[in-house]
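# Observations on the model geometry
Residues per chain are reported as follows:
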Amino acid sequence: MKKMDLVSGYKGVVGLMFGNEDSNSNEDSYIERLLDCIKNGKLVEDRRNAMAELQAVIADSHSAQLAFGTTGFPVLFGVLQEREDVEMVRGAVETLLSALTPTQSKSYKNEVQPALMNADLLSRDEQNISLLLNLLSEDDFYVRYYTLQLLTALLTNSHVRLQEAILTIPHGITRLVDMLMDREVIRNEALLLLTYLTREAEEIQKILVFEGAFEKIFSIIKEEGGSDGGVVVQDCLELFNNLIRSNASNQVLLRETIGFDSIISILKLRSTYSFSQQKTINLLCVLETIRLLINGSSEVDPAKQIEKSTNKTVLAQRNLLDHLLMLGVESQRASVAVRCAAFRCIGDLIFGHRQNLDTLASKFLGDELQLEPALNSILRIILRTSSMQEFIAADYVFKSFCEGNADGQKMLASTLIPQPLSLTHAPFEEDVNMSFGSMLLHGLALSEHDGDLETTCRAASVLSYVLKDNIQCKEKVLQIEIESPTPSLGAPEPLLHRMVKYLALAFSKKGKDGNSTNSYIQPIILKLLVTWLYNCPNAVHSFLSSRPHLTYIIELISNSDTTVCVRGLAAVLLGECVIFNKSIESGKDAFSIVDSISQKIGLTSYFQRLDEMQNSSVFSSEKTVESHNPLTKANNNSMSDAEDIEDEVAGDRKNEDHPMVAEMFDSQFVNFIKNLESSIRDGVVNIYSHPKSDVSVIPAELEQRKDEADVDYIKRLKLFLEKQCSEIQDLLNRNTILAEDLAKTSGGDSSQTEPRLSSGSERVQIEKLKRELLEASQRVDNLKNENSKLENEVSSYKTLSAKIENDLKSLSDAYNSLEQANYHLENEVKALKSSGSTSGLDIEAIKAEAKEEAQKESEAELGDLLVCLGQEQSKVEKLSARLMELGEDVDALLEGIGDDMGAAEDDDDDDEDDD
């Protein structure tokens, strides 16, 4: 009290002396007189009064702090070294604290900050830090108290130098740890000091642990009442988190010494009905502790991964999952922040840990009369909660449960059985007795009745995890059909088709409502569809079985009113219909989809949609597994105050993706889309540049059909050739357009093309086109050679035809000679008859015998000739078909052949007429 009276007495003098802060000479001289009195004063009372006056001046005056820093430190540290007068030592420490504490006076932007300058001056000398640490062993309470505050202020302004100094001072950290067992006020100051000291100082963290910091921290927490305690518990937990954050050795030491029981005991709720603000903060801090133990370090180190798995196993053995389910599911009076943190801890605890996954799958919640699986309870929270953050946190549980857990996915998918129409239309209050799958399908179909797509969106997110990378689950869910709300007006439709219907409905609602909350529904439904169609040809076939689906997706890609993310995901979905398409049906095969992209969107615009998505904030921002910030006093108070943490959507943000989309699209999904996009680009370009290039010529099409007239056959062959020519021309046009697109791409935005060229995608395509062009040239050369051979064959056939004509002419001449001989014989017979030299019977017999012999000889020669003619005619027909296939004019080649033969036949006819 005496000191305070002295200070108040001197404030008037101080106000007069430092009323004008521009009078630097007066200030310096006044500070010098006070320091001289402290150092050289003869009377103890005068020195004490000077010390009190100096402390008051420095605490109130900005310029006095500046004047003190040049000469004051040596004088005051001289007092601290003597330690003869405890009151003087106490005053010196308090004065040093005032010199390092910024004043409340008005300061200017570029003005020197004396508090920072004084902290720098003090910390330069390691002996000063050592002297202050030695003061912690003084018996005087205020000396220890002000010394701790002085070290805290020094650490705040010059933490790196102080950390280095403390590490070099023997037993420096030991003295600080001992303060944790001092009186309550000093203990609390020591907690704050150690909390600042251990941030990003791994060596100090290790030394503190070896000095028994863990035991002392949990002793204080227990003494203060655990999670029901005050701010001291918060300070203890924040210090504890600093000691284990990214420090694997400290975590191992914790597990092998005091274990995790002390941590889990803080989560045990004495009352589930009372959650004060401070209790909420304490629970958030201990849940942060759990996540640090489960997630460990972000480094990819096999040894550290093993330590993480071990921590998960030990924590689960201590029934941590029960306490987390109590906080997240059963204690609905807890704040939204606490429930969200509990859900994220559950997700981290089961992620990639088979034993913990099975444990969660077998957990039941509720009282004995109404037990239900824990997963059902979490799903109900997802579908019902009004908090967006709680939905995201609970959704993370299912993501962690299904990731790499094929058995768990099959277990959940096996419950997806459509309910009767009466239960499908039932309100959510009646879903308590439903299975997981029935509840999920109920949520998917609920919007059919009330028009609210929010519940459908959340159910679609969960379904996407059930289907991810599991072809069996995709095939099973593909068979599910949803009843129409009015069965008399429509038959059941596949669940996949219903999701596309909701996608269109979400866009129409957004168009009516403007930039409403529906802006995140479309991306999540598209995420489900992209996951479903990935590597599942049957899902692609089902999607394309309804023609409006393709039309709508193309419109969605081209619509400028949709967000970048929606257009990009729609483009990815359309790309999956190309690369995972096994259909051969016209209009639904991969070639038809690429045709639609080329004609209705354009390849350049299509690929631009993919680029825009990759450059958007949702996909370009770095996402890590540990994206949460450490909890400190600066941020956990605000978290506990807010009953819910909702993302605000500004009204003027037109066509921007909802902030929730960035939270739902984690790093795994973003990397999945990036890899898939590369495959889609290669697949689309490959099909676009080779449309049905493997078309095989069916021989049956070139053969003349039975009972088909020659004229019809020739017309059909001409149509076939025209079709082939059209397809060849279309191929040339495609290659020309592709070359232009590649030229535009390479000549456009260099910032976008360079990454693409670095990946080699376009270069590979160009080289491929060059090789194909070379192959086409070789094929043309081969066809030319083959055509030359065919022309030679045609020439040989012409020669053969001429020879055959000559043979026919010779045969005709022989036949005519035979007829003339026969005619002469008949005349001779008549003459003999008239002369009566032989009997009529003998003459007739001779005549019949001669005629029969001549007829046999003629028929034999004609049979041989007809066989030859049939063989040659078959060859000529095949040759004519091949020539027409190659584009030769068959009529021109055959012109003139057979004219001589026709003339010969006319002569024969004339002879017969003469007969």
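These figures come from a predicted structure and were not determined experimentally.

A few words on the overall build of the chain. When helices and strands are tallied, the chain shows 47 helices and four strands. In the chain, which comprises 915 residues, the share counted as buried stands at 45%. When contacts within the chain are restricted to residue pairs at least 6 apart in sequence, those whose partners lie at least 24 apart make up 72%. As displayed, the chain has an accessible area near 45800 Å², and 51% of this comes from carbon and sulfur atoms.

Counted by the stated rule, this structure contains 15 aromatic pairs. With a centroid separation of 5.3 Å and 75° between ring planes, the pair formed by Phe141 and Tyr142 is classed as edge-to-face. Through a chain of ring-to-ring contacts, three or more aromatic side chains come together here, namely Tyr534, Phe580, Phe619, Phe665, Phe669 and Phe672. Its guanidinium or amino end placed over the ring of Phe141, Arg183 lies 4.2 Å from that ring's centre, counting from NZ or CZ. For the cation-ring pair, Lys279 lies above Phe275, with the distance from its terminal atom to the ring centre recorded as 4.9 Å.

All right, on to unusual backbone geometry then. Look at Ser246: it is not a glycine, yet its phi comes out positive at around 55°. Checked against the element boundaries, Ser246 lands in the loop between helix 14 (231–244) and helix 15 (248–256). Although it is not a glycine, Asn319 adopts a positive phi angle of roughly 60°. Along the polypeptide, Asn319 turns up in the loop between helix 18 (302–317) and helix 19 (320–330).

With that settled, consider helix 36 (residues 603–615). In an α-helix there are 3.6 residues to a turn, and that puts residues three or four apart on one side. For helix 36, built from 13 residues, the straight-helix expectation of 18 Å at 1.5 Å per residue is met to within 8% by its first-to-last C-alpha distance of 18 Å. Among all positions of helix 36, only Leu603, Tyr606, Phe607, Arg609, Leu610, Asp611, Met613 and Gln614 are buried.

Turning to the environment of Leu379, a few remarks are in order. In this fold, Leu379 is placed in helix 22 (residues 374–384). Through-space distance from the C-alpha of Leu379 to that of Asp395 is 8.1 Å; in sequence the pair is 16 residues apart. Excluding anything up to four places from it in sequence, Leu379 contacts Phe398, Phe436, Met439, Leu440 and Val462.

To continue, consider the side chain of Asn581. Within the secondary structure layout, Asn581 lies in the loop between helix 34 (564–579) and helix 35 (590–601). Assessed through its relative accessible area of 11%, Asn581 is described here as buried. Within the structure, the side chain of Asn581 is placed 3.0 Å from the backbone oxygen of Cys577, a separation counted as a polar contact. Within the structure, the side chain of Asn581 is placed 2.7 Å from the backbone oxygen of Lys588, a separation counted as a polar contact.

As a further point, take a negative patch on the surface. On the surface, Glu849, Glu853, Glu857, Glu861 and Asp864 cluster together into a negatively charged patch. Turning to its location among the elements, Glu853 is positioned in helix 45 (residues 840–885).

This paragraph deals with the pattern of salt bridges. Enumeration over the complete set of coordinates arrives at 30 salt bridges. With its nearest N and O atoms 3.3 Å apart, the salt bridge here joins Glu87 to Arg48. Taken together, the residues span a long stretch of sequence, with Glu87 in helix 5 (residues 86–99) and Arg48 in helix 3 (residues 44–60) at a distance of 39 residues. Between Asp228 and Lys279 there is a salt bridge, with its nearest N and O atoms 3.2 Å apart. One end of the pair, Asp228, is in the loop between helix 13 (213–224) and helix 14; the other, Lys279, is in helix 17 (residues 277–295), with 51 residues separating them in the sequence. Its relative accessible area of 37% is what places Asp228 among the partly exposed residues.

A word on helix 11 (residues 184–197). Between its first and last C-alpha atoms helix 11 spans 20 Å; for 14 residues at 1.5 Å apiece the expected length is 20 Å, and the two agree. What helix 11 keeps buried is the set Ile186, Arg187, Asn188, Glu189, Ala190, Leu191, Leu193, Leu194, Thr195 and Leu197. Contacts from the buried residues of helix 11 go to helix 8 (141–157), helix 9 (159–168), helix 10 (172–178), helix 12 (202–210), helix 13 and helix 14.

Note on placement: Val564 falls in helix 34. Owing to a relative accessible area of 21%, Val564 belongs among the partly exposed residues under this scheme. Taking the C-alpha atoms as reference, Val564 lies 7.2 Å from Asp657; in sequence the two are 93 residues apart.

This part covers the side chain of Ser616. Inspection of the secondary structure puts Ser616 in the loop between helix 36 and helix 37 (617–620). Within the local environment of Ser616, its side chain forms a polar contact with the backbone oxygen of Met613, the two atoms lying 2.6 Å apart.

Let's shift gears to the packing of helix 12 against helix 15. Orientation of helix 12 relative to helix 15, taken along the N-to-C sense of each, is 15°, at an axis distance of 10 Å. The pairing of helix 12 with helix 15 is recorded here as roughly parallel in orientation. Crossing geometry of helix 12 relative to helix 15 is assigned as left-handed. On helix 15, the residues touching Gln205, Lys206, Val209 and Phe210 of helix 12 are Ser249, Asn250 and Leu253. For the contact of helix 12 with helix 15, the class distribution of residues is three nonpolar, three polar and one charged.

Chain-level pLDDT for the chain is 80 on average; 78% of the residues reach the 70-or-more range. Here helix 1 (residues 2–17) stands out as the least confident element of the chain, with mean pLDDT 38; helix 21 (residues 354–361) is the most confident, with 96. In the model, residues 1–23 has pLDDT below 50 throughout and makes 30 contacts with residues more than four positions away in sequence or in other chains. Low confidence marks residues 837–841, where pLDDT is under 50. Its contacts with residues over four positions away, or in another chain, come to three contacts.

Let's shift gears to the state of the cysteines. Per the stated rule, a full pass over the model turns up zero disulfides. Sulfur of Cys473: no disulfide; nearest cysteine sulfur belongs to Cys402 and is 8.4 Å away.

Moving on, we come to the packing of helix 33 (residues 547–558) against helix 35. Where helix 33 meets helix 35, the axes come as close as 11 Å, and the angle between the chain directions of the two elements is 40°. The angle between helix 33 and helix 35 places the two elements in the oblique class. Here the hand of the crossing between helix 33 and helix 35 comes out right-handed. Packed against helix 33, whose contacting residues are Leu550, Ile554, Ile557 and Ser558, the element helix 35 presents Ile593, Ser596, Lys600 and Ile601 at the interface. A per-class count over the contact of helix 33 with helix 35 returns five nonpolar, two polar and one charged.

Moving on, we come to the environment of Lys600. You can see Lys600 is positioned in helix 35. Taking relative accessible area as the criterion, Lys600 reaches 54% and is therefore assigned exposed. The contacts of Lys600, once residues within four sequence positions are left out, are Ile554 and Ser558.

Here is what the cut-offs are and how they apply
Residues numbered from 1 in each chain as written. Predicted model: local features only at pLDDT ≥ 70, side-chain atom pairs only at ≥ 80, totals over all residues. Heavy atoms only, no water. Helix = DSSP H or I, 4+ residues; strand = E, 2+ residues; numbered from the N terminus. Buried < 20%, exposed > 50% of the residue type's maximum accessible area, 1.4 Å probe, protein only. Contact = heavy atoms within 4.5 Å. Areas by Shrake-Rupley, 256 points an atom, 1.4 Å probe, with all protein chains shown as cover. Phe/Tyr/Trp six-rings, centres within 6.5 Å; stacked < 30°, edge-to-face > 60°. Lys NZ or Arg CZ within 6 Å of the ring centre and 35° of its normal. Expected span 1.5 Å × (residues − 1). Polar contact = N/O pair within 3.5 Å; in protein donor to acceptor, adjacent residues only side chain to side chain. Patch = residues over 30% accessible without salt bridge, like charges linked within 9 Å, V, L, I, M, F, W, Y side chains within 5 Å. Salt bridge = Lys/Arg side-chain N within 4 Å of Asp/Glu carboxyl O. Lys, Arg positive; Asp, Glu negative; His and termini not counted. Charge placed at Lys NZ, Arg CZ, Asp CG, Glu CD. Axes fitted to C-alpha atoms, helices over the stretch in contact; angles between N-to-C directions. Parallel < 35°, antiparallel > 145°, perpendicular 65-115°, else oblique. Left-handed = near helix turned anticlockwise from the far one by under 90°. Nonpolar A, V, L, I, M, F, W, Y, C, P; charged D, E, K, R; others polar. pLDDT = per-residue confidence, 0-100. Disulfide = S-S within 2.5 Å.

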